[in-house]
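Working through the structure, step by step
The primary structure of each chain is shown beneath.
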Amino acid sequence: MKITYLGHAALGIEVDGKYLIVDPYISANPKAAHINIQNLKADFILVTHAHGDHVLDVEAIAKNTGALIVSNAEIADYYAKKGFNSHGMNHGGSWNFDFGTVKYVNAIHSSAFPDGTYGGNPGGFVLESEHKNIYIAGDTALTYDMKLIPLRTTLDLAILPIGSNYTMDVDDAITASDFVECDKILGYHYDTFGYIEIDHAEAKKKFFDAGKDLMLLPIGDSIDL
Ligand code: NI
Ligand code: MN
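The rules we used
- Residues numbered from 1 in each chain as written.
- Chains lettered and ligands numbered in written order.
- Predicted model: local features only at pLDDT ≥ 70, side-chain atom pairs only at ≥ 80, totals over all residues.
- Heavy atoms only, no water.
- Donors = N, O, S within 2.8 Å, 3.2 Å for Na, K, Ca; no water.
- Tetrahedral: all angles 85-135°; square planar, octahedral: opposite > 155°, others 65-115°.
- Salt bridge = Lys/Arg side-chain N within 4 Å of Asp/Glu carboxyl O.
- Helix = DSSP H or I, 4+ residues; strand = E, 2+ residues; numbered from the N terminus.
- Buried < 20%, exposed > 50% of the residue type's maximum accessible area, 1.4 Å probe, protein only.

**Remarks on the coordination of the nickel ion (ligand 1)**
In the first shell of the nickel ion (ligand 1), the protein supplies His49 (NE2), His51 (ND1), His109 (NE2) and Asp139 (OD), at 2.2 to 2.3 Å from the metal. Considering all four donor atoms around the nickel ion (ligand 1), the spread of angles at the metal, 89 to 176 degrees, places the coordination shape in the irregular class. Spacing between the donor residues of the nickel ion (ligand 1) along the chain follows H-x1-H-x57-H-x29-D.

Structure, rendered in structure tokens:
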């Protein structure tokens, strides 16, 4: 599995020959100006919730690629009504796609489209593939529900928001990584806006001191799991 950080909460995931894009907010992110969404490959677009900083480029990428949009039922319906292919899920449910199994899990946050349309309840994804399992938390507070994830899934990577203000901060993300029982963390949802700027060295040191590895990737860089 190859994971590319596309800035903010946007990810590219290559798994078993399939391409996934998660929460694309790229074309309006000046820090991601070197990423051209026209060049992104996508078989699937996973959307955690309906906020603009997660859905901005969903339609453009879906138009370009014909990708299947996977999200909660309300977000899937929103895109289906616009003529896109979508697959609606709800919390606690899983579906076997041809790249692996996706489970939609709880997030403590809110969810409305920029036009005011209700966006269902926000979530995150647990992705189980043949060789590696990852948790994409989405925008969320620290929640005890995270403790349910390792009951079913042994994670190889937890992708956690760390920017505070709208989501968990670094300290809560360390606790979250305890809850999901994963010591390898990719941080996201930081630095994009003024409210969520973080001190990288301090964040990494806090995770290191807790016996964990926090990765903060330059936008466009990838890790292989
Ligand atoms: Ni949000
Ligand atoms: Mn957000």
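**Let's talk about the pattern of salt bridges**
The full count for this structure, using the stated rule, is six salt bridges. With a shortest N-O distance of 3.1 Å, lysine 206 and aspartate 171 are connected by a salt bridge. In this pair, lysine 206 is assigned in helix H6 (residues 200–209) and aspartate 171 in helix H5 (residues 170–179), connecting sequence segments 35 residues apart. A relative accessible area of 38% places aspartate 171 in the partly exposed class. Between lysine 212 and aspartate 178 there is a salt bridge whose closest N-O contact spans 2.8 Å. In this pair, lysine 212 is assigned in the loop between H6 and strand E13 (213–215) and aspartate 178 in helix H5, connecting sequence segments 34 residues apart. You can call lysine 212 buried: its relative accessible area is 6%. Three or more residues joined by partner-sharing salt bridges are found here, namely Asp178, Asp183 and Lys212.

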